[in-house]
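Working through the structure, step by step
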Amino acid sequence: MIKVVSTVCETRAQVKEWKNQGLTVGLVPTMGYLHEGHQSLIKKAVEENDRVVVSVFVNPIQFAPNEDLETYPRDLEADKRLCDSTGADLIFHPTPDEMYPDGFSTHIQMDNLTKELCGKTRPTHFGGVCTVVGKLFNIVQPDKAYFGQKDAQQLAIIKRMVRDLNFDIEIVGCPIIREPDGLAKSSRNTYLNADERKAALILSKAIKLGEELVADGERNAQTVIKAMTDKINTEPLARIDYVNVVDALSIEPLDVVKGEVLVAIAVYIGKTRLIDNFITAI
Ligand code: PAF
């Protein structure tokens, strides 16, 4: 069975041993409750590195007080099985105290990229993500780290943080993994009841519509946004947080669909907030 460690010290010792043998190390940061989306990241990491560390840590500082920190799904035994069968070598599963000991007072704060999209409704979220990912990078010191394109804004932010703070790590983005009916895989899908699960398909339907419009030559961002908004509003259980068209690297809103473009949506289905997106290069 895969080795699980809970301290920074043990993780560093293991990675040091590997590096002394000249082995490369990949890191897959996760909050656990792993699904096929995470598994695709782990697979890619296993293909591209000699050793792979998966961190499993529900990071309290990226949740606002009104969010789902307490109820966020957790299942370390299932996570161990998935990591083991996918070929990962080590799980780093720290406690909140290990990551944020008494007196913890240093945070990574990004000025740009964090204000639009999810940053509007979750203003403290990305500070928490950058801080924990920065810590994980320093603890594991991987050669490469793997993040899903489903969290496209997070991926853009991590790439910017790595550039700005000179982390010597290659960031690898991996495609969105979907259920057979189109719903993007997410640990939060487990919150959906049967009716909500059906209603949640409106996200991938709206994404498909947006992709088709752009593929057919639509370049007016507002037209794409309006069509996708109208589509989502046909679903009575859906409540839009945002539908937006932004530059994929800077996350600045765009009027014209041109360059590397991220079309991103966040929609509440009942109480569950789901996200989806597509990226297109024109
Ligand atoms: O994407 C996630 O699961 C989290 O935001 C991350 C990157 C593991 C940081 O807690």
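In the block above lies the structure referred to throughout.
Please read these numbers as outputs of a predicted model, since none were measured by experiment.

Attention now moves to the site of the ligand. Looking at the ligand, the residues that line it are P29, T30, M31, N59, Q62, V129, V132, V133, F147 and Q154. The separation between an oxygen atom of the ligand and a polar side-chain atom of Q62 is 2.6 Å. Within the contact set of the ligand, an oxygen atom lies 2.7 Å away from a side-chain nitrogen or oxygen of Q154. Mapped by element, the contributors of at least two residues to the shell around the ligand are β2 (25-30) and α6 (125-140). It is α6 that contributes the most residues to the shell around the ligand, three residues altogether. In the shell around the ligand, the residues fall into six nonpolar, four polar and no charged.

The subject of this paragraph is the side chain of S186. For S186, the location among the structural elements is in the loop between β6 (170-174) and α8 (194-199). A distance of 3.0 Å separates a polar side-chain atom of S186 from the backbone nitrogen of R188. Each residue touching S186, except ones within four places of it in the same chain, is listed here: H35 and K150.

With parallel pairing, six strands are arranged side by side in an open sheet as β1-β4-β3-β2-β5-β6. Both outer strands of the open sheet, β1 (3-5) and β6, are each paired with one neighbouring strand and no more. The average undirected angle you get between the axes of adjacent strands in this sheet is 25°. α6 rests against β2, β3 (51-56), β4 (90-92), β5 (144-148) and β6 of the sheet, and its axis sits at about 150° to β2.

Counting 46 residues, the largest nonpolar core has V53, F137 and I171 as the members making the most contacts within it. Every element with two or more residues in this core is listed here: α1 (8-20), β2, β4, α6, β5, α7 (152-164), β7 (238-247) and β8 (260-269). Considering each element in turn, this core owes the most residues, nine residues, to α6. Every residue in contact with F137, bar those within four places of it in the chain, is listed here: L27, P142, A145, F147, I158, M161, V162, F167, I169 and I171.

Bringing the packing of helix α9 (residues 201-215) against helix α10 (residues 221-233) into the picture now. Between α9 and α10, whose axes approach to 9 Å, the crossing angle comes to 155°. For the element pair α9 / α10, the angle class is roughly antiparallel. The handedness of the crossing between α9 and α10 comes out as right-handed. Across the interface between the two elements, I202, K205, A206, I207, L209, G210, L213 and V214 from α9 touch V224, A227, M228, K231 and I232 from α10. Residue composition of the contact of α9 with α10, by class: 10 nonpolar, one polar and two charged.

This brings us to the environment of T114. Mapped onto the elements, T114 comes out in the loop between α4 (96-99) and α5 (118-121). T114 gets classed as buried once you look at its relative accessible area, which sits at 11%. Residues contacting T114, with those up to four places away along its chain left out, are G119, F126, Q153 and I157. Within the structure, the side chain of T114 is placed 3.1 Å from the backbone oxygen of M110, a separation counted as a polar contact.

Moving on, we come to the sheet that holds β8. The three strands are arranged β7-β8-β9 in an open sheet whose pairing can be described as antiparallel. Lying at the two open borders of the sheet, with one neighbouring strand each, are β7 and β9 (272-281). Each strand of the sheet is rotated relative to its neighbour by a mean of 15°, with strand direction disregarded. As defined by bridge partners, β8 adjoins β9 across 10 bridges and the pair is classed as antiparallel. Residue pairing across strands places V267 opposite L274, the latter belonging to β9. Strands β7, β8 and β9 of the sheet are contacted by α9, whose axis makes an angle of about 20° with β9. The strands touched by α10 within the sheet are β7 and β8, with β7 carrying the most contacts at an inclination of about 160°.

Rules behind the numbers
Residues numbered from 1 in each chain as written. Predicted model: local features only at pLDDT ≥ 70, side-chain atom pairs only at ≥ 80, totals over all residues. Heavy atoms only, no water. Near = heavy atom within 4 Å. Polar contact = N/O pair within 3.5 Å; in protein donor to acceptor, adjacent residues only side chain to side chain. Helix = DSSP H or I, 4+ residues; strand = E, 2+ residues; numbered from the N terminus. Nonpolar A, V, L, I, M, F, W, Y, C, P; charged D, E, K, R; others polar. Contact = heavy atoms within 4.5 Å. Pairing = 2+ DSSP bridges. Axes fitted to C-alpha atoms, helices over the stretch in contact; angles between N-to-C directions. Core = buried A, V, L, I, M, F, W, Y, C linked by side-chain atoms within 4.5 Å. Buried < 20%, exposed > 50% of the residue type's maximum accessible area, 1.4 Å probe, protein only. Parallel < 35°, antiparallel > 145°, perpendicular 65-115°, else oblique. Left-handed = near helix turned anticlockwise from the far one by under 90°.

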